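What the coordinates show
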Amino acid sequence: MTTEQTPTTTTTPTTTTLPSACPLDCPDSCSLDVDVEDGRITRVDGSKLNDYTDGFICGKVRKIGEHVYGDERVREPLIRTGSKGDAAFRPATWDEAMERIVSEFKQAKQSHGGESILPYSYGGSNGYLSQDSVDERLFRRLGASQLLKTFCAVPSGAAHTGLYGRMPGVSLSEYVDSRMITVWGTNPSATGIHFVPVIKEAKKRGAYLVVVDPREIPLAKQADLHIALKPGTDLPVALGFINALFERGAADLDFLAEHATGVDELRARAAEWPLERVAEVSDVAIAKLQTWVDMYASTNPALIRCGWGLERNRNGGSAVAAVLALPAIAGKFGVRAGGFTMSNSGTWKSVSTEGAINERQPPTRVINMTQLGAALGQNAGDASTPPVKVLFVYNANPLATAPDQAGVEAGLRREDLFTVVFEQVMTDTARYADVVLPATTFLEHRELRGGYGSTCMFDAKPVINPVGKARSNASVFAELCDRLELSREGDPTSGDELTAAVLASTELGASWSEQLERDGIAVSDNPRPAQFVDLFPATADRKIHLVPGHLDAEAPMGLYGFQPDPATDAHPLALISPASSQTISSTFGQLIKGIVAIEISAEDAAARNISDGDRVRVFNAAGEVITDARVDQDLRAGVVVMPKGLWTRHTHNGATSNVLCPDTEADLGRGACYNDARVQVERAE
Ligand SMILES: Nc1nc2c(c(=O)[nH]1)N[C@H]1C(S)=C(S)[C@@H](COP(=O)(O)OP(=O)(O)OC[C@H]3O[C@@H](n4cnc5c(=O)[nH]c(N)nc54)[C@H](O)[C@@H]3O)O[C@H]1N2
Ligand SMILES: Nc1nc2c(c(=O)[nH]1)N[C@H]1C(S)=C(S)[C@@H](COP(=O)(O)OP(=O)(O)OC[C@H]3O[C@@H](n4cnc5c(=O)[nH]c(N)nc54)[C@H](O)[C@@H]3O)O[C@H]1N2
Ligand SMILES: [Mo]
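Presented here is an overview of the structure given in this document. Each residue is numbered by its place in its chain's sequence as written, counting from 1. Going through the entries in the order they are written, you letter the chains from A and number the ligands from 1. Local features in a predicted model are, by the rule used here, given only for residues with pLDDT of at least 70; side-chain atom pairs are given and counted only at 80 or more, and totals for whole chains, interfaces and linings are based on all residues. Excluded from the side-chain calculation are hydrogens and water; included are all heavy atoms of the structure.

Only DSSP runs of H or I covering at least 4 residues are called helices, and only runs of E covering at least 2 are called strands; the numbering of each starts at the N terminus. Secondary-structure assignment places His160 in helix 5 (residues 154-164). Sequence-wise, His160 and Val323 are 163 residues apart; in three dimensions their C-alpha atoms are separated by 10.0 Å. Other than its neighbours up to four places away in sequence, His160 contacts Gly165, Arg166, Met167, Leu324, Phe340, Met342 and Ser343. The contact definition used throughout considers only heavy atoms, calling two residues in contact when any of these lie within 4.5 Å.

Let us look at the pattern of salt bridges. Salt-bridge detection follows one rule: a side-chain nitrogen of Lys or Arg within 4 Å of a carboxyl oxygen of Asp or Glu. As enumerated under the stated definition, the model contains 51 salt bridges in all. Here Glu174 ties to Arg336 by a salt bridge, and the two come within 3.3 Å at their closest N and O atoms. In this pair, Glu174 sits in the loop between helix 5 and strand 9 (180-184) while Arg336 sits in the loop between helix 14 (316-329) and strand 14 (339-341), placing the two residues 162 residues apart along the sequence. Only protein chains enter the accessibility calculation, which uses a 1.4 Å probe. A residue is then buried if its area is under 20% of the maximum for its type, exposed if over 50%, and partly exposed in between. Assessed through its relative accessible area of 6%, Glu174 is described here as buried.

Near ligand 1 lie 36 residues; those nearest to it are Asp213, Arg215, Asp234, Thr583 and Ser585. Polar contacts, as counted here, are pairs of nitrogen or oxygen atoms within 3.5 Å of one another; within protein the pair requires one atom able to donate a hydrogen and one able to accept it, and residues that are adjacent in sequence qualify only if both atoms are side-chain atoms. Gly185 places a main-chain nitrogen or oxygen 3.5 Å from an oxygen atom of ligand 1. Here an oxygen atom of ligand 1 and a backbone polar atom of Gly232 are 2.8 Å apart. Shrake-Rupley sampling with a 1.4 Å probe provides the accessible areas, and residues are treated as covered by the protein chains on show and by no other component. Taken by itself ligand 1 offers 910 Å² of open surface, and the protein chains cover 98% of this. Near, as used in this document, describes a residue that has one of its heavy atoms within 4 Å of the molecule or strand being considered.

All right, on to helix 11 (residues 263-270) then. Counting along an α-helix, one turn takes 3.6 residues, and residues three or four places apart therefore face a common direction. Taken residue by residue, helix 11 has Val263, Leu266, Arg269 and Ala270 as its buried positions. Buried residues along helix 11 cover an arc of 135° about the axis, so they all sit on one side. The elements touched by buried residues of helix 11 are helix 9 (234-247), helix 10 (253-259), strand 12 (260-261), helix 14 and helix 22 (549-554). Summarising the geometry, the arc corresponds to the directions from the helix axis toward the C-beta atoms.

Two aromatic rings, taken as a pair, are described by how far apart their centres are and by the angle between their planes. Pairs were defined over the aromatic rings of Phe, Tyr and Trp, the Trp ring being its six-membered one, requiring ring centres within 6.5 Å. Orientation was assigned from the angle between planes: stacked under 30 degrees, edge-to-face over 60, tilted for the rest. Counted by the stated rule, this structure contains 26 aromatic pairs. With a centroid separation of 4.8 Å and 50° between ring planes, the pair formed by Tyr164 and Phe340 is classed as tilted. Of this pair, Tyr164 sits in helix 5 while Phe340 sits in strand 14, and the two are 176 residues apart along the sequence. The same class applies to Tyr164 and to Phe340, which are both buried. Three or more aromatic residues joined by ring pairs form one cluster here, namely Phe105, Phe139, Phe392, Tyr394, Phe422 and Phe477. Two conditions define a charge located above a ring, namely a distance within 6 Å from the ring centre to NZ of Lys or CZ of Arg, and an angle within 35 degrees of the ring normal. Positioned above the aromatic ring of Tyr69, the side-chain terminus of Arg40 is 3.9 Å from the ring centre. Directly above the aromatic system of Trp94 lies the positively charged group of Arg471, at a separation of 4.7 Å from the ring centroid.

Let us look at the site of ligand 2. Close contacts around ligand 2 come from 30 residues, with Thr401, Glu423, Asn473, Ser577 and Ser586 the closest. A distance of 3.2 Å is found between a nitrogen atom of ligand 2 and a side-chain nitrogen or oxygen belonging to Asn395. One nitrogen or oxygen atom from the side chain of Tyr674 is found 3.4 Å from a nitrogen atom belonging to ligand 2. When the free accessible area of ligand 2 is taken as 920 Å², the share hidden by the protein chains comes to 98%. When the residues that make up the shell around ligand 2 are grouped by side-chain class, the tally is 10 nonpolar, 16 polar and 4 charged. Of the residues that make up the shell around ligand 2, three or more belong to each of domain 1 (78-152 + 350-445 + 465-509) and domain 3 (573-683). Polar here means any residue other than Ala, Val, Leu, Ile, Met, Phe, Trp, Tyr, Cys and Pro, which are nonpolar, and Asp, Glu, Lys and Arg, which are charged; Gly is therefore polar. By convention here, the domain bounds are inherited from an automatic or database domain assignment.

Keep in mind that these numbers describe shape and distance, not what the molecule does.
Here you go:
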């Protein structure tokens, strides 16, 4: 065992229970108890250390043993022997695999410059030790291209930061005390399960529940009001809401005068959206909109839980900004259980990994990860921009998660591209690699992570030895630095050194470090913040900026400018691809057996002569998916649904919704527009 942990309990002479914490990309950050028998995990369950997750966990992590020990686990370095995409490999030693990578790095740098190397990573680990630390050191010192990480939370982050300076949200457990809850563009029954009992309890105590989601998600069935808007129309809905508040004298002008800037400007922009026009564009009955505005204006305390479903389109940044402006306009701040929650990552905003990286970022070119297909295109390089010659993928599975799947696939097939995929399992992307490196899971390495929903931090030690020859990100990137002679005296590299370097970046680090050592968990200095009571915007003047100039300049139509639906007569249906309860993005996708269906409304199915179980072709100009149809009686017309994160094996033709997703950019932050896919569906013969 590499671990130095002391067992907390001993259930049988050979079973020890060790503490851990889940760093997967989910707001909840569960604390875990892991039973280990003879060096193998036999049980994973929740622990009570995190009182928000309170001892229960999702089904995915409960059976993570199938991921850790499954047939598809990558257990040793592999070198390609067949064609790209075939997953034909031979085993290799770490030494051989590393030497091959080092020689490709050197060659690419020599002939095309450092920018011909593209590191590609995303949400595989939300921890400070396995992303933006030693990996960044290597790629900065190589002078590699930079990756703009735009898959998720970027338009919403830009809006949240622009208006409130990343002011953390109301803690999710506080929602029990709210009298009105609006769940906007998030489906916690899949994506943050611990919020569901909180809402149930609030309802029991009499809270009024509104769900804003094109789908009838489980919470919508219990809601007092379900606003089943057309995808991508949250912006007009929220602006219409703001306008209605001003019009009926329900705007809190005193609060706004004291705490906000841009009030008149926002009011003028919202005035373009009378509820009649909103109803038409969003396809929501005006009576419903009126009831909702009335309830919100008259109920206190009221909370809005804003999720990520509304940001993944051309209007996403402005939509989130307008939603987050609502509590300010309606005067919902200044009391407990009033205000909003978006991401709570702002709890850790004082933490920086720069000390762990230990190298400044050189001014190299930036590539938007959402446009990987274009970046890998044969002719993407010219005299001023070198071609990508080496792609190093880790913490990500772009063939399954990036838009423009056909473009990504064509790029990965390029014979003159050298691709490394550093992975836990043989993903769709890994099948195209020249070299596959085996990565440890969080149960096999140390991870330091601060949550973005529940506001606690964990320093989780490994509970088992690495499976096979798997290694952690930190150790592999440090060795690559060594082999390339890029390491320097004083570079933090071990788990202890990296953890210390990260925590040293913030004044609060000493206190957190002490708590982590003593309790196994650190909590923020203000775990139950009340907005505008003991928590204020982190903007320079501590005010809410309702129309921040930099966002107004960035958005193509100005902030709050609406871009119409991209549907055409040929491709009239909006394809949305929300999270499913079986995967975390594409993680654990290998464990889903069989074909995954597309959900279509009864009305749209009937119009196309499609019955439940029929094989269908879902298509647009970018490509097609052949899969089975599931006719959903509860789904609104005009929308079809296929979960994000599917693998190529889950459809009949090996393409997923991502083949239909455009690589266009949202209005803010150049974020991905997955839900702007517009398609047609027909029966496949
Ligand atoms: N089980 C599980 N949990 C997860 C994840 C997972 O994959 N699986 N992923 C994690 C990650 S990476 C993230 S970012 C979060 C995401 O968590 P959520 O915020 O819940 O995000 P999504 O699942 O993308 O979308 C949420 C809802 O938005 C709806 N939606 C789609 N388009 C629109 C729209 O235009 N307007 C509105 N109002 N709603 C719309 C969808 O129908 C969906 O029900 O969850 C995290 N937790
Ligand atoms: N169609 C569609 N696609 C989407 C979305 C959508 O709404 N629609 N939403 C997107 C969202 S919200 C997100 S966040 C992205 C996620 O996009 P990705 O980050 O590409 O997806 P993940 O499935 O999280 O991939 C993480 C991979 O990292 C690996 N991994 C985990 N830990 C480690 C580690 O410590 N070291 C190494 N080397 N590897 C590790 C896992 O095995 C996994 O294969 O997907 C996006 N894709
Ligand atoms: Mo995400």
